[in-house]
Amino acid sequence: LFSMEDKYSDNLLHSRHISRIDPSSGRVAPYVITLVIVKCLSCFGLFLAYDLLRGVPVVLLLFLSTLGSSLVLLPLQRPFSSGKRLTLNLWFKILRYSFLAAIVSLMWMTGLSLCGPLRTVLLFQHSDMAVLAAVGVFTQAAPLGPSRFRGAVLFFLGLTTLLFFDNDAATVIEHPEGKHSSEIAHLIYWALSWLGVPDHKGGIILLCCGFCLSIAQRSWGRKLAVSLGGGKRLNTLSTFASCIMLSPWAVFQFASEDVVVLWTDLLLPLVAVVLLTFVLDYYVESICSNRLDGTTLSRLSSVTSFTAALVLSLMWNHPAFPAKSVVLSTAEHALSPGVIVAYILFVLGNMC
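Residues numbered from 1 in each chain as written. Predicted model: local features only at pLDDT ≥ 70, side-chain atom pairs only at ≥ 80, totals over all residues. Heavy atoms only, no water.

**Observations concerning the environment of aspartate 128**
Position of aspartate 128 among the secondary structure elements: in helix α5 (residues 128-139). Aspartate 128 gets classed as buried once you look at its relative accessible area, which sits at 8%. For the pair aspartate 128 and serine 298, spaced 170 residues apart in sequence, the C-alpha separation works out to 9.1 Å. (Helix = DSSP H or I, 4+ residues; strand = E, 2+ residues; numbered from the N terminus. Buried < 20%, exposed > 50% of the residue type's maximum accessible area, 1.4 Å probe, protein only.)

Right under this line is the structure:
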C-alpha cells in the first residue's frame, strides 16, 4: 500500500532500523537474489488468482484474500496492543483510507479478470516515481534529465501500444465473464460491448485508472502512517478494515451466486495467493527497502515482475484447476505482438 522508503518506515516485529548496504559491496547480492525469487513467486500467485477468478466472483475472492492476509498480519504486527493509542479520529482516518484501498483493490482484481495477469503486471508494477516522472515530462511539472525523459517517453509508448496495438486473440462471446460473476462485472461487460471496446482494452483502462488512484492513496497513506507509527501498522489495520467492509457484499454473493468449483479445490490455491502475493512479497520488499537503494529496488522489482509474468504466460496451464480447465475455460487473453513490444518498452523505460 506504500512506496519504497515511506512504505516500510517501521520494521517487522518492531526491530531496529537497519542501514542500507553500499551497492559496490558484495553483501547486496543475497537481498537482490531474494527479491528476484519472491517477485517471481508473487507473479505465480497472481496467475493463480486469475485462475480462481474463473470460478469465484471478484468480490468474494478479494474478501477471502483480505481475510487470509488479516489472519497472518494481525498476529505478526499486533496493531491493537502496540504502538500509539488509536483515537476515534485516527480510526475515522483509517476507515476512510481503507475504503479507498478497497476500491483500488476491486479495480485491480476486476482488471485482472478482464485483461489477464500479464497485462495486469505490466500496468500495475511500476513505481510511483517512474509514473510521476512520466507525467511530469508532459505537464512540465519539474525539470527532468535526459535519462528520465527517455524513460517517460518509453513508458507512454508502452501504454499506447497496449491500448491501440494489442490485438487480443480471445474469442468474444456474450457475457464471457460467466454467470458466477457479480452484477458489476455484467455491467462492465455490457458497457464495453455497447462502446465496442474489447474486454482486455477495457481492463487496461480500468487498471490505468486504478493505478493512478493507488498513487494518490499511497501519498495519503504516507501522511497517515506517521500518525500511526509506521506503514506496516497502517497496512495491517487497513487490510483488516477492508475485509470487514467487503464482508456484507461477499456474503451476499456467496448466498446468491454459484461458485462453480469445490471449496476444497480452492483452499490450496487461495493460501498460495495470500502468502505469495499479499504477505511474502510485502515483507521481503520491506527488508530489501532497508538494504537497497530506492531506485535499484524499484527497477529490479518492476523488471523482474514483467519478465516473470511474460515467462509464466508462455507456459501457464492453469494448475489451480487441472481437471476442470475445459469446463472453466472462457476467453483466453493470449500473447500478441503488441504486448511483447509493450513489455520491451516498459523494461527499457525502467532501466533508464
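**What to know about the pattern of salt bridges**
Summed over the entire model, instances satisfying the criterion amount to 2 salt bridges. When the shortest N-O distance is used, the salt bridge between aspartate 281 and lysine 39 registers 3.0 Å. Separated by 242 residues along the polypeptide, aspartate 281 in helix α10 (residues 263-289) and lysine 39 in helix α2 (residues 29-53) bring together distant segments of the chain. Neither residue differs from the other here; aspartate 281 and lysine 39 are each classed as buried. Its salt-bridge partner being glutamate 285, residue lysine 39 comes within 2.8 Å of it at the nearest N-O pair. With lysine 39 in helix α2 and glutamate 285 in helix α10, this pair connects stretches of sequence that are 246 residues apart. Judged by its relative accessible area of 4%, lysine 39 falls in the buried class. Given a relative accessible area of 5%, glutamate 285 falls into the buried group. Each member of the salt-bridge network shares a partner with another, and the members are Lys39, Asp281 and Glu285. (Salt bridge = Lys/Arg side-chain N within 4 Å of Asp/Glu carboxyl O.)

**Here's the deal with helix α6 (residues 146-164)**
Compared with an ideal rise of 1.5 Å per residue, which puts 19 residues at 27 Å, α6 spans 27 Å between its outermost C-alpha atoms and is within 8% of the ideal. Within the sequence span of α6, burial applies to Gly151, Ala152, Leu154, Phe155, Gly158, Leu159, Thr161 and Leu162. (Expected span 1.5 Å × (residues − 1).)

**Points about the environment of asparagine 235**
Within the secondary structure, asparagine 235 is located in helix α9 (residues 231-256). Between the C-alpha atom of asparagine 235 and that of glutamine 77, which follows or precedes it by 158 residues, the distance is 9.7 Å.

**Considerations on unusual backbone geometry**
The phi torsion of most residues other than glycine is negative, and most of the peptide bonds are trans. We note that arginine 78 has phi near 50°; this positive angle belongs to a residue other than glycine. One can find arginine 78 in the loop between α3 (58-77) and α4 (88-124).

**So, the nonpolar core**
Ranked by internal contacts, the top residues of the largest apolar core, which has 56 residues, are Leu61, Met109, Leu122, Leu162, Phe306 and Phe346. At 11 residues, the largest contribution of residues to this core is made by α4. Not counting residues up to four positions away in its chain, the partners in contact with leucine 61 are Ala49, Leu52, Leu53, Val56, Met109 and Leu270. Listed in part, the 9 residues of the second largest apolar core include Tyr97, Ala225, Leu234 and Leu237. (Core = buried A, V, L, I, M, F, W, Y, C linked by side-chain atoms within 4.5 Å. Contact = heavy atoms within 4.5 Å.)

**A few points about the packing of α9 against α10**
For the pair α9 and α10, the least separation of the axes is 13 Å and the interaxial angle reads 155°. As the angle between them shows, α9 and α10 are arranged roughly antiparallel. As α9 packs across α10, the resulting crossing turns out to be right-handed. Residues Gly231, Lys232, Asn235 and Phe254 of α9 touch α10, and the partners they reach there are Trp263, Tyr282, Tyr283 and Ser286. Taken together, the residues that form the contact of α9 with α10 break down as 4 nonpolar, 3 polar and 1 charged. (Axes fitted to C-alpha atoms, helices over the stretch in contact; angles between N-to-C directions. Parallel < 35°, antiparallel > 145°, perpendicular 65-115°, else oblique. Left-handed = near helix turned anticlockwise from the far one by under 90°. Nonpolar A, V, L, I, M, F, W, Y, C, P; charged D, E, K, R; others polar.)

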